[in-house]
Amino acid sequence: MARLSVDNVSVHYPTPRGLVHALDKVSLEIASGDIVVALGASGCGKSTLLGLMAGFQRPDAGRVTLGGATITGPGADRGVVFQDDALMPWLSAAENVAFGLTLQKVGRSERRERAEALMCRVGLAGFEDHRIGELSGGMRQRLGLARALANRPDFLLMDEPLGALDALTRERIQSLILDIWRDTGTGIFLITHSIEEALFLATELVILSPRPGRIVRRLQPGFARRYAAGESARSIKADPEFIRAREDILNAHFAHDEEIEHAAH
Amino acid sequence: MPPIELSVAEEVALQSGRPEPVRYRAPSAWRARQPMLVTVLGLLALWELVSGFGVVSSLFLPAPQQVLTKLVEIATTGFMDATLWQHTAASLQRVGIAVVAALATAVPLGVLIGLNRTASAAVDPLIEFYRPVPPLAYLPLIVIWFGIGEVSKVLLIYLAIFAPLVLATGSGVRRVDKTRVLAARSLGASRWQLVRHVVLPSTLPDILTGLRIALGVGWSTLVAAELIAAQRGLGFMVQSASQFLVTDVVIAGILVIAAIALLLELSIRYLERRYAGWAH
Ligand SMILES: Nc1ncnc2c1ncn2[C@@H]1O[C@H](COP(=O)(O)OP(=O)(O)OP(=O)(O)O)[C@@H](O)[C@H]1O
Ligand SMILES: [Mg+2]
């Protein structure tokens, strides 16, 4: 079983105004079947943390390892979903999904077949030949997810994948993420600044403090597993236990933070 | 597991994202062209009047029909040992070779300087130095080095195209979306695959724009070069005609030169719409 671990990691950025201490001695671990969600205010180092796991950057102190080996760069074993979809607008929707397969020199007909299956999986059947410019934000995020899944990665790393979406679309895709997680057992790391989203999706929830980014609390919410067991998203989010947990996090950590979304959608 | 349904918002977005083909643009484009048509017809009428009533001697300004007749004549029987087609072909061939050579060299170099600061620091000053110099100013040097044969003319237009193309490619490469590069790397792209599958397609609109501008410069440079040293070509045709005061051939030649410039421009615009439409 693959294991992605972040061990006592610190990151500083040199800026004209001195060093910005982005992450301070952060440790966490993601195994297959986990959904680790990082919750924190803007600028607390969430993207930096994801960048380390994706292999886009190296830590100044500590180690980031995959199956025990230090991560030295990006790889197809870790699929990344970006906040601003990062799709290739010169390719069709299906070609975008198959991008990783193209890089692996998978033949045209197999690429098409697998892209169609994935697009069906994320609810985009029939849009294979659409241009990216013709798709809505929610559809693009679904496409970004399908593209990451095409490589059958051991881990999915998602940087605020739903941040820019309207509430309804957001709920749909939250459920989609859990469906995929239940079916594939992929280890997931997801960033959000919505408390509700974090509680609903996480099997492990880490709350980060800003500057320096530091883990101030770890929780193991059980709502994702309840969803996987068949309970509906609406009923989970309306459960008094869910609401209590949400209010508790809000009051304890983000009482004065306007950016954190806490209202029920 | 059944496919996930789209949310209401997505469905709304979809319906508005798949409108009927837009039709109102055609008439408005036509209306936009009407003034131009009026101008052209007006000029033709003026030309007809001025030459028809003998205001200006036909030695200086032959009538439109005379130019047209001459155009047919040089297309069939030729002028200065070559038909209009052969003159045109000679010019176009020079441009064609230069464009292919420029694309084959300027695009890779542009990609290199776009990706690599050191390469950019090494090459940029050189290009910035020779780019503002009018090609006709260094034509004499090229003639001294390479004679007055085909090589000189192709080299001249090549140099005129090369600089803008390198710069356009380089700046396009520098503007490649960083997240797209990261996305491709995390999907397993090697360095070469990044260039092939992300950098080049992202830069194609800039390359085509650069080519369109470069080709405009290149074509006028070529024709000017043919005025000086050639045995065939549209510039040569116009130049020799002027020496014998065959004004109708001069005008016919100028019209053909302008028409080809327009054609080159339009064909690259077509390529831009066809292959770089996503960028607009
Ligand atoms: N390349 C960089 N150079 C300098 N400072 C940086 C750089 N990248 C990030 N930072 C700083 O480091 C801190 C953490 O940045 P990071 O992008 O990881 O935050 P984040 O939690 O993802 O924020 P957001 O929620 O706004 O996306 C911020 O204060 C940011 O300004
Ligand atoms: Mg971020």
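Computed from a predicted model, the values in this text were never measured in an experiment.

Some thoughts on the pattern of salt bridges
Residue and element names in this part refer to chain A. For the structure on display, the rule yields 30 salt bridges over all chains. Between Asp 239 and Arg 226 there is a salt bridge, with the nearest N and O atoms lying 2.5 Å from each other. Residue Asp 239 is located in the loop between helix H9 (233-238) and helix H10 (240-253), and its partner Arg 226 is located in helix H8 (residues 223-228); the two are separated by 13 residues in the primary sequence. With relative accessibility at 17%, the residue Asp 239 sits in the buried group. A relative accessible area of 23% means that Arg 226 is categorised as partly exposed. Shared partners join several salt bridges into a network, and the residues in it are Glu 171, Glu 196, Arg 234, Lys 237, Arg 246 and Glu 247.

Some thoughts on the nonpolar core
Counting 67 residues, the largest nonpolar core has Phe 99 of chain A together with Ile 161, Val 198, Trp 219 and Leu 234 of chain B as its most contacted members. With 12 residues, helix H9 (residues 191-228) of chain B is the largest single contributor of residues to this core. Setting aside residues up to four positions removed in sequence, Val 198 of chain B forms contacts with Met 88, Trp 90 and Phe 99 of chain A together with Val 176, Arg 180, Val 181, Ala 184 and Gln 193 of chain B.

A closer look at the domain arrangement of chain A
Residues and elements named next belong to chain A. Domain parsing of chain A yields domain 1 (1-77 + 154-265) and domain 2 (87-152). Here domain 1 and domain 2 have C-alpha centroids that lie 25 Å from each other. Every contact between the two is made by 14 residues of domain 1 and, on the other side, 12 residues of domain 2. Together, Leu 156, Leu 176 and Ile 180 form the three largest contributors to the area buried by domain 1 at its contact with domain 2, with a combined 40%. For the interface between domain 1 and domain 2, the tally reads one salt bridge. Between Asp 183 and Arg 121 there is a salt bridge, with its nearest N and O atoms 2.6 Å apart. There are two residue pairs in polar contact (both at pLDDT 80 or more) connecting domain 1 and domain 2. Element by element, the count of residues in the side of domain 1 that touches domain 2 is highest for helix H6 (residues 167-184), at eight residues.

Concerning the interface of chain A and chain B
With 38 residues of chain A at the contact, the number on the chain B side is 28 residues. When chain A packs against chain B, close to 2,900 Å² is buried across both sides, 68% of that on carbon and sulfur atoms. At the boundary of chain A and chain B, one finds zero salt bridges. Here the side of chain A that touches chain B takes seven residues from H6 of chain A, the largest share from any one element.

Some thoughts on the site of ligand 1
All names here are of chain A. Around ligand 1, the structure places 13 residues, and the nearest of them are Ser 42, Gly 43, Ser 47, Thr 48 and Arg 211. For ligand 1, whose unbound accessible area comes to 630 Å², protein coverage reaches 65%. Those elements that place two or more of their residues in the shell around ligand 1 are strand S1 (3-15), strand S2 (18-31) and helix H1 (46-54). Take the shell around ligand 1: its biggest share by element is three residues, from H1. The residue makeup of the shell around ligand 1, split by class, is four nonpolar, six polar and three charged.

Regarding helix H4 (residues 108-121) of chain A
All names here are of chain A. Compared with an ideal rise of 1.5 Å per residue, which puts 14 residues at 20 Å, H4 spans 20 Å between its outermost C-alpha atoms and is within 8% of the ideal. The complete set of buried residues in H4 reads Arg 111, Arg 114, Ala 115, Leu 118, Met 119 and Arg 121. Along the axis of H4, the buried positions cluster into a sector of 150°, meaning they face one direction only. Of the exposed residues in H4, those oriented more than 90 degrees away from the buried face are Ser 109 and Glu 113. Of the surrounding secondary structure, the elements contacted by the buried residues of H4 are helix H2 (93-97), helix H3 (99-103), helix H5 (137-150) and H6. Gly 123 sits one or two residues past H4 and shows a positive phi near 85°.

What to know about the pairing of strand S6 (residues 78-81) of chain A
Residue and element names in this part refer to chain A. Going residue by residue along S6, you find Arg 78 and Val 80 tucked away on one face and Gly 79 and Val 81 tucked away on the opposite face as well. Bridging between S6 and strand S7 (residues 155-159) involves four bridges; their strand directions are parallel. By the bridge assignment for S7, Val 80 is matched with Leu 157.

A word on the confidence of the model for chain B
Residues and elements named next belong to chain B. Per-chain confidence: chain B averages 85 in pLDDT, with 90% of residues scoring 70 or above. Mean pLDDT values over the elements of chain B span from 47, in helix H1 (residues 8-17), up to 95, in helix H8 (residues 178-186). Counted against residues more than four places away or in other chains, residues 11-24, with its pLDDT under 50, gives six contacts. Interface scoring of the predicted complex returns ipTM 0.91; its pTM is 0.84.

Describing the sheet that holds S2 of chain A
Residues and elements named next belong to chain A. Spatially, four strands are ordered S2-S1-S4-S5 in an open sheet, and the strand pairing comes out antiparallel. Strands with a single pairing partner mark the edges of an open sheet, and in this sheet they are S2 and strand S5 (69-70). Two elements, S1 and S2, share 10 bridges in a ladder whose sense is antiparallel. The partner of Thr 15 across the bridge, within S2, is Gly 18. Along the sheet, H1 makes contact with S1, S2 and strand S4 (61-66), crossing S2 at roughly 60°.

Thoughts on the sheet that holds strand S3 (residues 35-39) of chain A
Residue and element names in this part refer to chain A. A sheet is described by the order of its strands in space; here six strands give the open sequence S6-S7-S8-S3-S9-S10, paired in mixed fashion. Whereas interior strands pair on both sides, the edge strands pair on one side only; in this sheet they are S6 and strand S10 (214-219). The mean angle between the axes of side-by-side strands here comes to 20°, regardless of whether they run parallel or antiparallel. Against the sheet, H5 engages S6 and S7, with an angle of about 170° to S6.

Rules of the game
- Residues numbered from 1 in each chain as written.
- Chains lettered and ligands numbered in written order.
- Predicted model: local features only at pLDDT ≥ 70, side-chain atom pairs only at ≥ 80, totals over all residues.
- Heavy atoms only, no water.
- Salt bridge = Lys/Arg side-chain N within 4 Å of Asp/Glu carboxyl O.
- Helix = DSSP H or I, 4+ residues; strand = E, 2+ residues; numbered from the N terminus.
- Buried < 20%, exposed > 50% of the residue type's maximum accessible area, 1.4 Å probe, protein only.
- Core = buried A, V, L, I, M, F, W, Y, C linked by side-chain atoms within 4.5 Å.
- Contact = heavy atoms within 4.5 Å.
- Domains from an automatic or database assignment.
- Buried area = accessible area lost by both parts, 1.4 Å probe.
- Polar contact = N/O pair within 3.5 Å; in protein donor to acceptor, adjacent residues only side chain to side chain.
- Near = heavy atom within 4 Å.
- Areas by Shrake-Rupley, 256 points an atom, 1.4 Å probe, with all protein chains shown as cover.
- Nonpolar A, V, L, I, M, F, W, Y, C, P; charged D, E, K, R; others polar.
- Expected span 1.5 Å × (residues − 1).
- Arc of directions from axis to C-beta.
- Pairing = 2+ DSSP bridges.
- pLDDT = per-residue confidence, 0-100.
- Axes fitted to C-alpha atoms, helices over the stretch in contact; angles between N-to-C directions.

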